[in-house]
Amino acid sequence: MEGIREGEEQRGGQETLTEAERSKIQHTWAKVCEKKEDAGVAVLIRLFTSVPRARQYFSQFRHMEDPDTMRASVQLRKHAMRVMNTLSTLVENTHDAQQTASVLQAVARSHALRHGVEPLYFKILAGVIQEVLVEAFPEAFDAEAQGAWSKLMGVIYTHVTRVYTEIGWSSSNSTAE
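Since the structure is predicted, the reported quantities are computational estimates derived from the model, not experimental observations.

What counts, and at which threshold
- Residues numbered from 1 in each chain as written.
- Predicted model: local features only at pLDDT ≥ 70, side-chain atom pairs only at ≥ 80, totals over all residues.
- Heavy atoms only, no water.
- Core = buried A, V, L, I, M, F, W, Y, C linked by side-chain atoms within 4.5 Å.
- Buried < 20%, exposed > 50% of the residue type's maximum accessible area, 1.4 Å probe, protein only.
- Helix = DSSP H or I, 4+ residues; strand = E, 2+ residues; numbered from the N terminus.
- Expected span 1.5 Å × (residues − 1).
- Contact = heavy atoms within 4.5 Å.
- Polar contact = N/O pair within 3.5 Å; in protein donor to acceptor, adjacent residues only side chain to side chain.
- Phe/Tyr/Trp six-rings, centres within 6.5 Å; stacked < 30°, edge-to-face > 60°.
- Axes fitted to C-alpha atoms, helices over the stretch in contact; angles between N-to-C directions.
- Parallel < 35°, antiparallel > 145°, perpendicular 65-115°, else oblique.
- Nonpolar A, V, L, I, M, F, W, Y, C, P; charged D, E, K, R; others polar.
- Salt bridge = Lys/Arg side-chain N within 4 Å of Asp/Glu carboxyl O.

Let's talk about the nonpolar core
If you look at the biggest cluster of nonpolar residues, it comprises 50 residues, and the most contacted ones within it are Phe-48, Leu-133 and Trp-149. Of all elements in the fold, only α1 (19-33), α2 (36-50), α4 (74-92), α5 (97-114), α6 (120-136) and α7 (143-166) reach the threshold of two or more residues within this core.

Details of α5
The end-to-end C-alpha distance of α5, which contains 18 residues, comes to 25 Å, matching closely the 26 Å that a straight helix rising 1.5 Å per residue would cover. Looking at α5, one finds that the buried residues are Ala-97, Thr-100, Ala-101, Val-103, Leu-104, Val-107, Ala-108, Ser-110 and Ala-112. Where the residues of α5 are buried, they touch α4, α6 and α7. By the N-cap criterion, in which a side-chain oxygen at the helix start approaches the backbone nitrogen of a residue two or three places on, α5 is capped by Asp-96, the distance to Gln-98 being 3.2 Å. One or two steps after α5, the chain reaches Gly-116, where phi turns positive at roughly 65°.

A look at the environment of Asp-68
Within the fold, Asp-68 resides in helix α3 (residues 67-72). Its relative accessible area of 51% is what places Asp-68 among the exposed residues. Note: C-alpha distance between Asp-68 and Ile-45 (23 residues apart in sequence) is 9.1 Å.

Let's talk about the packing of aromatic side chains
For the structure on display, the rule yields eight aromatic pairs. Residues Phe-58 and Phe-61 carry aromatic rings whose centres are separated by 4.9 Å and whose planes lie at 20° to one another, so their mutual orientation is stacked. Taking the relative accessible area as the measure of exposure, Phe-61 reaches 2% and is therefore buried. An aromatic cluster of at least three residues, connected via ring pairs, comprises Trp-29, Phe-141 and Trp-149.

Here's the deal with the side chain of Thr-94
Within the fold, Thr-94 resides in the loop between α4 and α5. Of note is the side chain of Thr-94, whose polar atom sits 3.4 Å from the side chain of Gln-26.

What to know about the environment of Thr-28
Within the secondary structure, Thr-28 sits in helix α1. Residues Thr-28 and Glu-139, spaced 111 residues apart in sequence, show a C-alpha to C-alpha distance of 9.2 Å. Aside from chain neighbours lying at most four places away, what touches Thr-28 is Ala-140, Phe-141, Ala-145 and Trp-149.

Structural notes on the packing of α4 against α7
Interaxial distance between α4 and α7 falls to 12 Å at its minimum, and their mutual angle equals 105°. In this view, α4 runs roughly perpendicular relative to α7, as classed from their interaxial angle. Contacts between α4 and α7 pair Leu-87, Leu-90 and Val-91 from the former with Trp-149, Leu-152, Met-153 and Ile-156 from the latter. Along the lines of polarity and charge, the residues of the contact of α4 with α7 split into seven nonpolar, no polar and no charged.

Notes on α4
For α4, spanning 19 residues, the distance from its first C-alpha to its last is 26 Å, which sits close to the expected 27 Å at 1.5 Å a residue. When α4 is considered as a whole, its buried residues turn out to be Leu-76, His-79, Ala-80, Val-83, Met-84, Leu-87, Ser-88, Leu-90 and Val-91. Summarising the contacts, the buried residues of α4 are in contact with α1, α2, α3, α5, α6 and α7.

A word on the pattern of salt bridges
According to the stated counting rule, one finds seven salt bridges in the structure shown. A salt bridge links Glu-131 to Arg-46, with the nearest nitrogen and oxygen atoms 2.5 Å apart. Here Glu-131, found in helix α6, pairs with Arg-46, found in helix α2; they are 85 residues apart in sequence, far enough to count as distant. Look at Glu-131 and you get partly exposed, because its relative accessible area is 39%. The salt bridge involving Asp-68 is made with Arg-71; its shortest N-O contact spans 2.8 Å. Of this pair, Asp-68 and Arg-71 both sit in helix α3, three residues apart, which is roughly one turn of the helix. Connected via shared salt-bridge partners are Arg-46, Glu-131 and Glu-135.

Bear in mind that shape data such as this cannot, by itself, settle questions of function.
The structure is reproduced here in structure tokens:
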């Protein structure tokens, strides 16, 4: 499986990250890591308030609508940290195609087979992550960083959707209500 490496050809025309883009992503991520939990909580709250249907996959906070209630939820905070720790692993390994593929395969398989999450939600989440990080860390996320992150999110989405295809995903696989 292709990784996030310069010079590799990826199916679907997805561009790969250059060394400069990897460096920019890692530099901006260092700023985010200082406030990783808060950033992750902000991402999930934004996701769940802007796309309420996304809550259907989370029995622990499916019925929460108020951002303050979400912010106080221990379960939401734990999931936010899982999301951010996975993203951290991906950022730290943008040079390691095998590690990237392994992490994304595990995430995609779990979300598809165990949780029945539609792959579109990965694309939505990617957009929300970028939106929240740009707002929370404007000094780090200049136009160049935003471009690099956009490319990273595209590569991640390409990997995830490839895994969904490999396992034979169809919307009828969804366990959501």
